[in-house]
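Observations on the model geometry
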2 protein chains.
Amino acid sequence: MTEKSKPDKARLVELFRSFIDPEYVIEDAETQRPYECDGLSMYCEMPLIVVLPDTVEQVQRVLQICHQQGVPVVARGAGTGLCAGAMPHAEGVVLSLAKFNRILAIDPLARTARVQPGVRNLAITEAAAEHGLYYGPDPSSQIACTIGGNVAENSGGVHCLKYGLTVHNILSVEMLSVEGEKLSIGSQGLDSCGMDLMALITGSEGLLGIVTEVTVKLLPQPEKAQVVMAAFDSVQKAGDAVGGIISRGIIPAGLEMMDTYAISAAEDFAKAGYPKGAQALLLCEVDGTAEEVQEHIAQVESLFASFGATSIRTSQSEAERALLWKGRKSAFPAVGRISPDYYCMDGTIPRGQLAHVLTEMQRMSDEYQLRVANVFHAGDGNLHPLILFDANVPGEFERTEEFGGRILELCVEVGGCITGEHGVGIEKIRQMPIQFNAQELRQFNAIKDAFDPAGTLNPGKGVPTLRHCQEHRALETRPMPATPDTTGAA
Amino acid sequence: MTEKSKPDKARLVELFRSFIDPEYVIEDAETQRPYECDGLSMYCEMPLIVVLPDTVEQVQRVLQICHQQGVPVVARGAGTGLCAGAMPHAEGVVLSLAKFNRILAIDPLARTARVQPGVRNLAITEAAAEHGLYYGPDPSSQIACTIGGNVAENSGGVHCLKYGLTVHNILSVEMLSVEGEKLSIGSQGLDSCGMDLMALITGSEGLLGIVTEVTVKLLPQPEKAQVVMAAFDSVQKAGDAVGGIISRGIIPAGLEMMDTYAISAAEDFAKAGYPKGAQALLLCEVDGTAEEVQEHIAQVESLFASFGATSIRTSQSEAERALLWKGRKSAFPAVGRISPDYYCMDGTIPRGQLAHVLTEMQRMSDEYQLRVANVFHAGDGNLHPLILFDANVPGEFERTEEFGGRILELCVEVGGCITGEHGVGIEKIRQMPIQFNAQELRQFNAIKDAFDPAGTLNPGKGVPTLRHCQEHRALETRPMPATPDTTGAA
């Protein structure tokens, strides 16, 4: 990409530097490099300019300038996202909200925190701890990821089964429209009046506006938490046990499943005491008052036994609970040790389809000659198959991508959906026409138009344009049509 | 309104009768009369035609015809709404979903029910009871109101403090666009992919489409529930006690407050044993496992005592619990016995503002020479002031309406909002420009346009058109500008 196709760059840089500290208007490739991709490093692109404003007024002016000149704007938090939602646009501005990292207020009576979008997820919990409170959603990246990014992708985590996704844990946002005008969305109460745009904004991947402030709900720290680990000699039995717990009316704080590859890799890495021969492992955490936990843990143990668990172990101390979780939490990097590269998928299925989908995935794994490890939020049917591959073997990345697409199509087939918590971004935009009919996609486009008629906010992500959609349908005999303009190997 | 201004009526009736049982295409005034208003009977209008289709295909054809001819369509459930959201349009069709009253499936494993929009709220709970499940949101009208209406107004109820509003308890809807095309919104899982339109549709008051099917979440029946009643000699102390409970981390199943007028009226009616001299009464219900309830009830009792309760009584049996709630549940009709008419308002305020707002309302009550009784969801700050008036006294309704508007403005002033669970409809459309700035209203209009460019779905409700908004601002020195075309005394 040459300067020729970006005629405004010098003028834009000059304009931005008239009100943003020049050091934070980044135009050179070397300094821009860290912004080339998000956590899904197989989709990369260098931007025209990166800016890091530090006041809402500066963000407004950036938006006004880009709007006037038709320049794409891609908002960015910590860049930990996993769907290429924050991948730059070659002719656009990356608008980093990294400097918006202040916790503005914590109200322990209302149990809320008002924070800037660049505040890290875990920093909210740390700041709330002195009041005995914490912020619920806990993505694996919670040390690094920001609340603005969490809102953009409607992030989840292990504890979302009981406490909900980001959309269930925020009350209001302040945002700027594509023209730089201020909008207040949501309210401090349970309901908001007017049209409820809160959920629409949550998960909108920077397509509808730029969030400049978020008010999150805080939860009281539970008095007690315990985890039960159960091993099974078949995935079917473990899947049935998950259904058994949920249908019994117990809502665990987390209910996670790992398959035999993941168990073995995690155990080698974390030495958590996982039974390496098992076909499936469940971790079920219960939290609440001491009495409630005692009662539910007994029920969970007895249910696991009745579904044929080959071993059951319940944490007897906080240290033991932390150890049992350590294996799960380090499962992704642990799998990274047994393969040069892995591709983490994200799809959701009805709980009843767990065993069928896992079996079918194993069949595809044989077909594509690619191993797949499963570590996932079983309680809410949110799968995370990790496809193991080697990017240095010619053709292996393309096979991985196609396998990944097939997994997503399988999720849709059984009544599920192509994302659980990672979002659509660029990664899954080709699966959107499988999930949604033409009228639904037209409706998404109409809403995008209602916020951003010129289409300069994060173009090419989240919602396929109608042209893309027709292209897809024209090509639909090929399972994964290539879109060379957005794809580049890591 | 004469036939002259509705030139298409005869032709429309003929068209509708070509595919709907002619008896259910209602054109005569006498049979139309029950559709003249919803539960807010002070806003009435006779429609052009009422239709009661009984298949989705029939609804599609009604929509297609109305869309082609530019005829307004007002969807209607049981007509129990309290914001005139279902008030007919004089030149439009009332589309009653009353015949869509089938429960299509209950899945006890997934804990969901798939129902048609005309199913009554309580009928879902009754049908789920055999599985030990129930549907959470419980508006006072739950015997009669339908789930379609609940979705349209995002209805709440006593138990919403713990279990959420309608938006928190539904998973997906099938809907028809204004052109009659089918859209699937939401998913069976925690997350949905694509733009999250679920919350946008919930509470959209029939402005964006017609819901033809709803999948709701079901909750496990709690093992136990107990209620604590506490009396206070000042509203301030009761308000502080509400804050105390919430900040302690207890989330009651319900936390209701009544003031002295309401206590007295309810006690005369229900003989629930309420202390008639008290200035404020709190009812706090806790549910969960037996152990959890025991622990939380003890904490609630001790908190109430520490905030200066003059009497505390805890239900010791299901019969006693039902009796204590009977007074609260009959408070509205009970107040109806002490005044010829009453106007039930609905606004939400931050919990910390409870005492201030109640005091200020008392001052306004003196100013307007109109009594006001308060019965409300204190836990989530959702007020229901009942203004007592006599529609036969000239000018008293107009004074009531103005007083009501002032209460809503007060809610906005203290950081709250103009509706908690009843919706905007026609009733509160004049307060929308107080709550929202011009850019926010423009955004609402853009979204309305994205679904319904011609504006034929429930026109005049929910979202003020920009013209209305400018009118409001032009007149904003007058607190309540009259809109004679939408207002008619009951």
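Quick caveat: nothing in here was measured; it's all calculated off a predicted structure.

Another point: the overall build of chain A. For chain A, the helix and strand inventory stands at 17 helices and 20 strands. Its C-alpha radius of gyration of 23 Å places chain A within 12% of the 23 Å reference for a compact globule of 490 residues. Principal-axis analysis of the C-alpha atoms places the extent of chain A at approximately 70 × 55 × 40 Å. Looking at the 490 residues of chain A, the share that counts as buried comes to 60%. Separation between the mean location of the 40 positive side-chain charges and that of the 62 negative ones in chain A comes to 2 Å.

Let's shift gears to helix α13 (residues 354-368) of chain B. All names here are of chain B. Taking 1.5 Å of rise per residue, 15 residues should cover 21 Å, and α13 covers 21 Å from first to last C-alpha, within 8% of that figure. Taken together, the buried positions of α13 are occupied by Leu354, Ala355, Val357, Leu358, Met361, Met364, Ser365 and Tyr368. Each element contacted by the buried residues of α13 is listed here: α8 (235-247), β13 (254-259), β18 (372-377), β19 (382-383), β20 (385-389) and α14 (396-413). Gln369 lies just past α13 and shows a positive phi near 55 degrees.

Attention shifts here to the sheet that holds strand β3 (residues 73-76) of chain B. Residue and element names in this part refer to chain B. Judged by pairing direction, the sheet is mixed, and its four strands sit side by side in the order β1-β2-β4-β3 without closing on themselves. Looking at strand neighbours, the two that pair on one side only are β1 (25-26) and β3, the edges of this open sheet. Bridge count for β1 against strand β2 (residues 49-51) is two bridges, and the pairing is antiparallel. Paired with Val25 across the strands is Val51, a residue of β2. Contacts between helix α1 (residues 9-17) and the sheet are confined to β1, β2 and β4 (93-96), with β2 contributing the most and set at about 10 degrees to the helix. The strands that helix α3 (residues 56-69) touches are β2, β3 and β4; relative to β4, the one it contacts most, it runs at about 165 degrees.

On to the nonpolar core. With 183 residues, the main nonpolar core has Leu197, Leu200, Phe304 and Phe451 of chain A together with Leu200 and Phe304 of chain B as its most contacted residues. Not counting chain neighbours up to four residues away, the residues in contact with Leu197 of chain A comprise Ile185 and Phe451 of chain A together with Leu200, Gln443, Phe444 and Ile447 of chain B. Core analysis: the next-biggest nonpolar cluster, separate from the first, contains 26 residues, Val25, Val56, Leu63 and Phe100 of chain A among them.

Attention shifts here to the interface of chain A and chain B. On the chain B side, the residues contacting the 62 residues of chain A number 62 residues. Applying the counting rule to chain A against chain B returns two salt bridges. Of the charged contacts in the structure, one is a salt bridge between Glu181 of chain B and Arg442 of chain A, with a shortest N-O distance of 3.6 Å. Across the chain A-chain B interface, the total number found is six residue pairs in polar contact (both at pLDDT 80 or more).

Our next topic: a negative patch on the surface. On the surface, a cluster of negative charge is made up of Glu223 and Glu291 of chain A together with Glu223 and Glu291 of chain B. Mapping Glu291 of chain A onto the fold places it in helix α10 (residues 290-306). Residue Glu291 of chain A is classed as partly exposed on the basis of its relative accessible area, which comes to 31%.

When you line up the elements, Glu440 of chain B lands in helix α16 (residues 438-451). Residues in contact with Glu440 of chain B, not counting those within four places in the same chain, are Lys182, Leu183 and Ser184 of chain A together with Gln435 of chain B.

Time to look at the confidence of the model for chain A. For chain A, per-residue confidence averages 90 on the pLDDT scale, and 93% of positions sit at 70 or higher. Within the model, pLDDT remains below 50 along residues 1-5 of chain A, and this stretch shows five contacts once partners closer than five positions in the same chain are excluded.

Moving on, we come to the packing of aromatic side chains. Ring pairs (aromatic) are described by centroid distance and by the angle formed between their planes. Per the counting criterion, the structure on display carries 14 aromatic pairs over all chains. Between Phe436 of chain A and Phe444 of chain A, the aromatic rings sit 4.9 Å apart at their centres with planes inclined by 80 degrees, giving edge-to-face as the arrangement. Note on Phe436 of chain A: relative accessible area 11%, which makes it buried. Relative to Phe19 of chain B, the ring of Phe16 of chain B has its centre 6.4 Å away and its plane inclined at 90 degrees; by these criteria the two rings are edge-to-face. The aromatic ring of Tyr24 of chain B is capped on one face by Lys99 of chain B, whose charged end is 3.3 Å from the ring centroid.

Moving on: the relation of the copies chain A and chain B. Mapping chain A onto chain B is achieved by rotating through 180 degrees and translating by 0.0 Å along the same axis, at an RMSD of 0.0 Å. Such a turn and shift between the copies fits a two-fold axis. Comparing interface residues between copies, 100% of those in chain A also sit at the interface in chain B, which points to an isologous, same-surface contact.

All names here are of chain B. In this structure, Phe403 sits in helix α14. Sequence spacing of Phe403 and Asp54 is 349 residues, and the spatial spacing of their C-alpha atoms is 42 Å. With sequence-adjacent residues up to four places away left out, Phe403 is seen in contact with Met361, Met364, Ser365, Tyr368, Leu370, Val372 and Ile387.

Opposite charge on two side chains permits pairing when their charged atoms draw close. Scanning the entire structure with this criterion turns up 46 salt bridges over all chains. Between Arg430 of chain A and Glu401 of chain A there is a salt bridge, and its shortest N-O distance comes to 3.0 Å. In this pair, Arg430 of chain A is assigned in the loop between α14 (396-413) and α15 (432-435) and Glu401 of chain A in helix α14, connecting sequence segments 29 residues apart. Residue Arg430 of chain A shares its accessibility class with Glu401 of chain A, and that shared class is buried. Ionic pairing is found between Lys448 of chain B and Asp452 of chain B, a salt bridge with its closest N-O pair at 2.7 Å.

Residues and elements named next belong to chain A. We note that the domain assignment places domain 1 (3-96), domain 2 (103-220), domain 3 (224-334) and domain 4 (339-474) within chain A. Each of domain 1 and domain 2 has a C-alpha centre, and these two points are 24 Å apart. Both faces combined, the contact of domain 1 with domain 2 buries some 1200 Å², and carbon together with sulfur accounts for 68% of it. There are one salt bridge connecting domain 1 and domain 2. Between Lys182 and Glu57 there is a salt bridge, with the nearest N and O atoms lying 3.9 Å from each other.

Residues and elements named next belong to chain A. With respect to topology, five strands assemble into an open sheet ordered β5-β6-β10-β8-β9, the strand pairing being antiparallel. This sheet does not close on itself; its edge strands, each paired only once, are β5 (103-107) and β9 (182-186). Pairs of neighbouring strands in the sheet enclose a mean axial angle of 15 degrees, with direction left out of account. Judged from the six bridges that link them, strand β8 (residues 170-176) and strand β10 (residues 210-217) form a sheet pairing that is antiparallel. Across the sheet, the residue bridging to Glu174 is Glu213, located in β10. Together, β5, β6 (112-115) and β10 form the strand contacts of helix α4 (residues 121-128), whose direction differs from that of β5 by roughly 45 degrees.

Reading guide: rules and limits
Residues numbered from 1 in each chain as written. Chains lettered and ligands numbered in written order. Predicted model: local features only at pLDDT ≥ 70, side-chain atom pairs only at ≥ 80, totals over all residues. Heavy atoms only, no water. Helix = DSSP H or I, 4+ residues; strand = E, 2+ residues; numbered from the N terminus. Rg over C-alpha atoms; globule rule 2.2 N^0.38 Å. Buried < 20%, exposed > 50% of the residue type's maximum accessible area, 1.4 Å probe, protein only. Lys, Arg positive; Asp, Glu negative; His and termini not counted. Charge placed at Lys NZ, Arg CZ, Asp CG, Glu CD. Expected span 1.5 Å × (residues − 1). Contact = heavy atoms within 4.5 Å. Pairing = 2+ DSSP bridges. Axes fitted to C-alpha atoms, helices over the stretch in contact; angles between N-to-C directions. Core = buried A, V, L, I, M, F, W, Y, C linked by side-chain atoms within 4.5 Å. Salt bridge = Lys/Arg side-chain N within 4 Å of Asp/Glu carboxyl O. Polar contact = N/O pair within 3.5 Å; in protein donor to acceptor, adjacent residues only side chain to side chain. Patch = residues over 30% accessible without salt bridge, like charges linked within 9 Å, V, L, I, M, F, W, Y side chains within 5 Å. Areas by Shrake-Rupley, 256 points an atom, 1.4 Å probe, with all protein chains shown as cover. pLDDT = per-residue confidence, 0-100. Phe/Tyr/Trp six-rings, centres within 6.5 Å; stacked < 30°, edge-to-face > 60°. Lys NZ or Arg CZ within 6 Å of the ring centre and 35° of its normal. Least-squares fit on C-alpha atoms with pLDDT ≥ 70 in both. Domains from an automatic or database assignment. Buried area = accessible area lost by both parts, 1.4 Å probe.

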